[in-house]
Amino acid sequence: MSENHDVVLIRAAAAEVLTDAPGSLITLFADSATTGGKVTSNRATFEKGATGAPPHLHTRATEFFFGLAGELDVLIDDRIETLRQGDFLAVPPGTRHAFAPADGSTADALVFFTPGMDRFDYYRLLDRVNKGEADWQEIRESGEHYDNHYVESPTWQARTGR
């Protein structure tokens, strides 16, 4: 019998849950350190009207979305697609994207990055900003470290009215 040292099991009751913005929860499953750099995974849960993630891109990782429930609007460069339960989306490096629950809907999705990235401290920083314990300047300054680069999007701006 061979031993598999790559097995990662995170029980739901033990998963860390953060609030990165009003109406938005991030449940942390496995980060780069846990998976030997292979994958990072979390769950994104949004209430109706939550702002979601603003337009950004990653230079080193592909981000995957799998719809669990509700409807998730996702910006992909200059178009918006709506993911529903069972839908899958892969966003390659360099692709501008954003996501939020569709108008009048909640959304729940599994999110994965490969290769794995040290994202959990980024999510914890968002949680601290949401609680007023840190400011957005720290987010801006962390872009290269967390491979999270904010960008402009007239398409997303028109969707959100901001």
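Note: the structure precedes this text.
Each value, and the rule that gives it
Residues numbered from 1 in each chain as written. Predicted model: local features only at pLDDT ≥ 70, side-chain atom pairs only at ≥ 80, totals over all residues. Heavy atoms only, no water. Pairing = 2+ DSSP bridges. Helix = DSSP H or I, 4+ residues; strand = E, 2+ residues; numbered from the N terminus. Polar contact = N/O pair within 3.5 Å; in protein donor to acceptor, adjacent residues only side chain to side chain. Buried < 20%, exposed > 50% of the residue type's maximum accessible area, 1.4 Å probe, protein only.

Asks: Would you mind showing me how to read the sheet that holds strand β7 (residues 79-83) here?
Replies: Two strands in a sheet stick together by hydrogen bonds in their backbones, pointing the same way (parallel) or opposite ways (antiparallel). Strand order in this open sheet of five strands is β7-β6-β9-β4-β11, and the pairing throughout is antiparallel. Pairing within the sheet leaves two strands with one partner each, and these edge strands are β7 and β11 (149-150). Strand direction decides the pairing type here: strand β6 (residues 72-76) and strand β9 (residues 97-101), joined by five bridges, are antiparallel. When the bridges of β9 are listed, Ile76 appears paired with His97.

Asks: Looking at this structure, I do not really get the side chain of Asn42. What am I missing?
Replies: Mapped onto the fold, Asn42 is located in strand β3 (residues 40-46). Within the structure, Asn42 has its side chain in polar contact with the side chain of Tyr123 (distance 3.1 Å).

Asks: I would appreciate a short explanation of the pairing of strand β4 (residues 53-57) in the present structure.
Replies: Side chains on a regular strand alternate between the two faces of the sheet. Most of β4 sits inside the fold, with four of its five residues counted as buried. By the bridge criterion, two bridges tie β4 to β9 in an arrangement that is antiparallel. If you follow His56 over to β9, its bridge partner there is His97. Sheet topology note: the β4/β11 ladder contains two bridges and is antiparallel. Bridge pairing links His56 to Tyr150 in β11.

Asks: Sorry if this is basic, but what is going on with unusual backbone geometry here?
Replies: A negative phi angle is the norm for most residues apart from glycine, just as the trans form is the norm for most peptide bonds. For the peptide bond that leads from Thr114 to Pro115, omega is -5°, which places it in the cis range. Structurally, the position occupied by Pro115 is in the loop between β10 (107-114) and α2 (120-130). At Asp77, a residue that is not glycine, the phi angle is positive and equals roughly 55°. On the secondary structure map, Asp77 appears in the loop between β6 and β7. The exposure class assigned to Asp77 is partly exposed, which follows from its relative accessible area of 36%. One non-glycine residue, Asp147, lies in positive phi territory at about 50°. Its location among the elements puts Asp147 in the loop between α4 (143-146) and β11. For Asp147, a relative accessible area of 0% corresponds to the buried category.

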